[in-house]
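Examination of the molecular architecture
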Amino acid sequence: VTITTRLLVSHLSGIRHYEKDIAKVKEEKEKANRGLKLTKSHQDKEEKEKEGKGIEKTDCVKQKKERDGETKSRNSKPGRKDKEFEQEEYYLKEKFESVIESLKIFKNDPLFFKPGDQFLYSTYGFTLLSAVVERASGQKFTDYMLKMFRDLDMLSTVLDDNEAMIYNRARCYVYNKKGRLVNAPYVDNSYKWAGGGFLSSVGDLLKFGNALLYSYQAGQFKNRNGKLLPGYLKPGTVAMMWTPVPKTEVSWDRDGKYAMAWAVVEKNQQYGCCRQQRHYASHTGGAVGASSVLLILPEELDPEALGTWPVAPPRGVIVTIICNMQSVSLNSTALKIAREFDKEKRAQ
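The name an unreviewed UniProt entry gives the chain is LACTB protein, with Vireo altiloquus as the organism.

**Description of the pattern of salt bridges**
This model, assessed by the stated rule, comprises 16 salt bridges. The partner of arginine 16 in a salt bridge is glutamate 89, and the shortest N-O contact between them spans 2.9 Å. With arginine 16 in the loop between α1 (5-9) and α2 (22-53) and glutamate 89 in the loop between α4 (80-84) and α5 (99-102), the pair connects residues that are 73 residues apart, well separated along the chain. One exposure class covers both arginine 16 and glutamate 89, and it is buried. Taken together, the salt bridges that share partners define one network made up of Lys267, Arg278, Glu300, Asp342 and Arg346.

**Considerations on the nonpolar core**
Formed by 40 residues in total, the largest nonpolar core has its most connected members in Tyr124, Leu212, Trp242, Trp262 and Ile296. Residue contributions to this core peak at 4 residues, all from helix α6 (residues 123-137). Both domains that furnish three or more residues to this core are identified here as domain 1 (1-36 + 86-176 + 188-195) and domain 2 (200-347). Among all residues touching leucine 212, those that are not within four sequence positions of it are Leu233, Val238, Met241, Trp242, Trp262 and Ile296. Counting residues in hydrophobic clusters, the runner-up holds 12 residues, among them Val265, Leu295, Leu330 and Ala338.

**Comments concerning α6**
Between the first and last C-alpha of α6 there are 21 Å, a value that for 15 residues agrees with the 21 Å anticipated at 1.5 Å per step. Within α6, burial applies to Thr123, Tyr124, Gly125, Phe126, Thr127, Leu129, Ser130, Ala131 and Glu134. The N-capping residue of α6, defined by a side-chain oxygen 3.4 Å from the backbone nitrogen of tyrosine 124, is serine 122. Trailing α6 by a residue or two, glycine 138 shows a phi angle of about 75°, which is positive.

**Regarding empty space enclosed by the protein**
Evaluation of the coordinates by the stated rule reveals 1 cavity of 30 Å³ or more. Computed from the structure, the largest cavity encloses a volume of approximately 70 Å³. Surrounding the largest cavity, Ile22, Val25, Lys26, Lys29, Phe112, Phe113, Gln118 and Leu120 form its lining. For the lining of the largest cavity, a count of residues per class yields 5 nonpolar, 1 polar and 2 charged.

**Observations regarding the sheet that holds strand β9 (residues 316-323)**
A sheet is described by the order of its strands in space; here 5 strands give the open sequence β5-β6-β7-β8-β9, paired in antiparallel fashion. Each of the sheet's edge strands pairs with one partner strand only, and the pair in question is β5 (257-258) and β9. For strand β6 (residues 263-265) and strand β7 (residues 280-287), the ladder comprises 3 bridges, and the chain directions are antiparallel. When the bridges of β7 are listed, valine 264 appears paired with alanine 281. Of the strands in this sheet, β8 (290-298) and β9 are in contact with helix α9 (residues 202-218), which crosses β9 at around 150°. Of the strands in this sheet, β7, β8 and β9 touch helix α11 (residues 331-347), which is tilted by about 150° from β9.

**A few points about the packing of aromatic side chains**
Inspection of the entire model under this criterion finds 11 aromatic pairs. Note on phenylalanine 119 and tyrosine 258: the rings are 5.6 Å apart at their centroids and 45° apart in plane angle, and the pair reads as tilted. Of the two residues, phenylalanine 119 is situated in the loop between α5 and α6 and tyrosine 258 in strand β5; the sequence distance between them amounts to 139 residues. On the basis of relative accessibility, which here comes to 6%, the residue phenylalanine 119 falls in the buried class. Connected via pairs of aromatic rings, a cluster forms that spans Tyr18, Phe85, Tyr90, Tyr91, Phe106, Tyr124 and Tyr191.

**A word on the layout of surface pockets**
In this model, the second largest pocket occupies a volume close to 170 Å³. If you go around the second largest pocket, you meet 13 residues; those closest to its centre are Phe96, Glu97, Lys140, Thr142 and Trp193. When residues in the lining of the second largest pocket are grouped by element, the largest group, 3 residues, is from helix α7 (residues 141-151).

**Thoughts on α9**
Helix length check: α9, at 17 residues, gives a terminal C-alpha distance of 24 Å against a target of 24 Å (1.5 Å per residue), a fit within 8%. Those residues of α9 that fall on the buried side of the exposure criterion are Asp204, Leu205, Gly209, Leu212, Leu213, Tyr214, Ser215, Gln217 and Ala218. On its buried face, α9 sits against α10 (235-241), β8 and β9.

**Observations concerning the environment of asparagine 162**
Tracing the backbone shows asparagine 162 in the loop between β1 (158-159) and β2 (173-175). Of the residues examined, asparagine 162 reaches a relative accessible area of 31% and is grouped as partly exposed. For asparagine 162 and serine 190, which are 28 residues apart along the polypeptide, the C-alpha to C-alpha distance reads 9.5 Å. For asparagine 162, the contacting residues outside a window of four places in its chain are Arg169, Tyr186, Val187 and Asp188. Of the polar contacts made by the side chain of asparagine 162, one reaches the backbone oxygen of valine 187; its length is 2.8 Å.

What counts, and where the lines are drawn
- Residues numbered from 1 in each chain as written.
- Predicted model: local features only at pLDDT ≥ 70, side-chain atom pairs only at ≥ 80, totals over all residues.
- Heavy atoms only, no water.
- Salt bridge = Lys/Arg side-chain N within 4 Å of Asp/Glu carboxyl O.
- Helix = DSSP H or I, 4+ residues; strand = E, 2+ residues; numbered from the N terminus.
- Buried < 20%, exposed > 50% of the residue type's maximum accessible area, 1.4 Å probe, protein only.
- Core = buried A, V, L, I, M, F, W, Y, C linked by side-chain atoms within 4.5 Å.
- Domains from an automatic or database assignment.
- Contact = heavy atoms within 4.5 Å.
- Expected span 1.5 Å × (residues − 1).
- Polar contact = N/O pair within 3.5 Å; in protein donor to acceptor, adjacent residues only side chain to side chain.
- 1 Å grid on protein atoms, 1.4 Å probe; cavity = no way out; pocket = protein on both sides within 12 Å on 5 of 7 lines; lining within 4 Å.
- Points joined across faces, edges and corners; volume = space filled by probe spheres on them.
- Nonpolar A, V, L, I, M, F, W, Y, C, P; charged D, E, K, R; others polar.
- Pairing = 2+ DSSP bridges.
- Axes fitted to C-alpha atoms, helices over the stretch in contact; angles between N-to-C directions.
- Phe/Tyr/Trp six-rings, centres within 6.5 Å; stacked < 30°, edge-to-face > 60°.

Right, dumping it as structure tokens:
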């Protein structure tokens, strides 16, 4: 078989994640698909009820449902995210001197499916991707990334190296079996720098988001007398990165598809004065004792205003949240915040 970098970056390579048992992975996928079908049938039923009962009553039902959902969420037991953290490889303590060396963890394991056939989120796919970057650039992957972070002015973004003295490094926490907060166990993330081995700050992630949004929009603005600098990436590159890839899926937003290292929801509205989907790109992060999200909601630009200086990119809302606690779902919260700020901007 042939595995391309595009397959790696969209999690279509067939390389395993932390779970080694393909039967368990298939079982989880079937459960998720059944749950999705049930949700879809429930939504269809609600649509029929809405047509028969009118909007006011539906709104009341919706509000009650949201309240019930919030209560259920607060009282529910740990779900799929916590189960994933039961995998032994999350807690590796071995220090790897290079990304090439860390390939030994999975390089002799069979592929779970033919590359390109199915989606399976794989941290190890990104470990292999980092090895490709290392060989293609002719320098250590970590050196290559730290130079890039410097170019982006992300000076607080560093390797999560246990030995290094890192100013303001946060402590991480998990809930124990009794539901009490305790210190997260010691791990060494040198086996997965690309998939979860960097420390950052909210400020740095905002810079990263702005650099991407600027690059995405720069080609749409008229460059008045050379005042508009080029983006860090070409507009077409970011557009390609944010284009949904067939056969992919996103666990944290059912409206989304996976693109190239980003989850993307496309703009969509089927009926007037009804539910709208705004175009946005996001990614969540989960580590031992920590959770994060970076969400980019580009502004819907008016073509007539694009050449009017000083209107310039980046235009939109960027939300990032980092918390030092494990298994916290943050994407929906980030999206609500982004929509509120976007609503406020449009009201002005």
